[in-house]
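Observations on the three-dimensional arrangement
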Amino acid sequence: MDLKKALERNLSFKTEYGAGPRLLGGLFKRRVLRRRRYSIAGKQKDDTVHEREWKVGPVRVEHRSLSPKLADNDQYELAVTFFRIFAVSNDKDFWIKLRTGPSLGALGSLPFVPPAAIAGKVADLDLTARTGLRFNVSGFIRDLRDEEADPVKCDPALWDDDEDNCRTTS
């Protein structure tokens, strides 16, 4: 496959926005995010991502899925991040993922309302907006070499005809 097609298949930009509860000062967060992915070829895809995050000191465990259920047989991403720099994930491919954007608590950010700020430490509404990119390095190299990906069992509901592969939540 040529360089242009390999880049089109493996590089995408995305935007996410949504809200959800933040409990105990951020130890647990749950968000429902509307995601839109843009490819270099001009294609756009919209979906909903359900994200759960547990924070214990410098360690964060994040579960992202298209399904609202935590324990389901769908495709999901589970990542453990140390100091928000180093990450270990269950992805079989090597991805470069960058995302940034504001995330704030609705009650805790109200100016001059101390009772709301105190309540916001226990339970708050987390508002999030992000933008980012993702680049599948393994898929890019595989496409340049014209190799086929390893056969993976994929639920027919997750099969993506546009990209001719199984949909993931990243």
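Keep in mind the model is a prediction, meaning the values are calculated, not measured. (Residues numbered from 1 in each chain as written. Predicted model: local features only at pLDDT ≥ 70, side-chain atom pairs only at ≥ 80, totals over all residues. Heavy atoms only, no water.)

1. Notes on the pairing of strand E1 (residues 11-23)
Here 13 bridges tie E1 to strand E9 (residues 123-136), and the two strands are oriented antiparallel to one another. Across the sheet, Ser12 pairs through a bridge with Arg134, a residue of E9. Bridge count for E1 against strand E2 (residues 28-39) is 10 bridges, and the pairing is antiparallel. Residue Glu16 lies in a different strand from E2, and its bridge partner there is Arg35. Linkage of E1 to E2, two consecutive antiparallel strands, is achieved through a turn of four residues, within which Leu24 is found at a positive phi near 55 degrees. (Pairing = 2+ DSSP bridges. Helix = DSSP H or I, 4+ residues; strand = E, 2+ residues; numbered from the N terminus.)

2. Section: a nonpolar patch on the surface
Judged by side-chain polarity, Phe82, Phe83, Ile85, Phe86 and Val88 come together as a nonpolar surface patch covering roughly 570 Å² of accessible area. With respect to the helices and strands, Phe82 occurs in strand E5 (residues 76-82). On the basis of relative accessible area, Phe82 is assigned to the partly exposed category, the value being 33%. (Patch = residues over 30% accessible without salt bridge, like charges linked within 9 Å, V, L, I, M, F, W, Y side chains within 5 Å. Areas by Shrake-Rupley, 256 points an atom, 1.4 Å probe, with all protein chains shown as cover. Salt bridge = Lys/Arg side-chain N within 4 Å of Asp/Glu carboxyl O. Buried < 20%, exposed > 50% of the residue type's maximum accessible area, 1.4 Å probe, protein only.)

3. Some details on the pattern of salt bridges
A side chain of one charge can pair with a side chain of the opposite charge when the charged atoms of the two come close. Tallied over the entire structure, the rule returns 18 salt bridges. Residue Asp143 pairs with Arg9 through a salt bridge whose shortest N-O separation is 3.3 Å. Here Asp143, found in helix H3 (residues 137-144), pairs with Arg9, found in helix H1 (residues 3-10); they are 134 residues apart in sequence, far enough to count as distant. Looking at Asp143, the relative accessible area reads 8%, which means it is buried. Residue class for Arg9 comes out partly exposed when judged on its relative accessible area of 39%. As a salt-bridge pair, Asp47 and Arg35 come within 2.7 Å of each other at their nearest N and O atoms. With Asp47 in strand E3 (residues 44-56) and Arg35 in strand E2, this pair connects stretches of sequence that are 12 residues apart.

4. Thoughts on the pairing of E2
Only one face of E2 is covered, namely the one carrying Lys29, Arg31, Leu33, Arg35, Arg37 and Ser39; the face carrying Phe28, Arg30, Val32, Arg34, Arg36 and Tyr38 has none of its residues buried. Direction of pairing for E2 relative to E3: antiparallel, over a ladder of 11 bridges. Paired with Phe28 across the bridge in E3 is Trp54.

5. Considering the layout of surface pockets
The calculated volume of the second largest pocket comes to roughly 900 Å³. Of all the elements in the fold, those that place two or more residues in the lining of the second largest pocket are E2, strand E4 (59-65), E5, strand E6 (86-89), strand E7 (95-100) and E9. If one sorts the elements of the lining of the second largest pocket by residue count, E7 sits on top with five residues. (1 Å grid on protein atoms, 1.4 Å probe; cavity = no way out; pocket = protein on both sides within 12 Å on 5 of 7 lines; lining within 4 Å. Points joined across faces, edges and corners; volume = space filled by probe spheres on them.)

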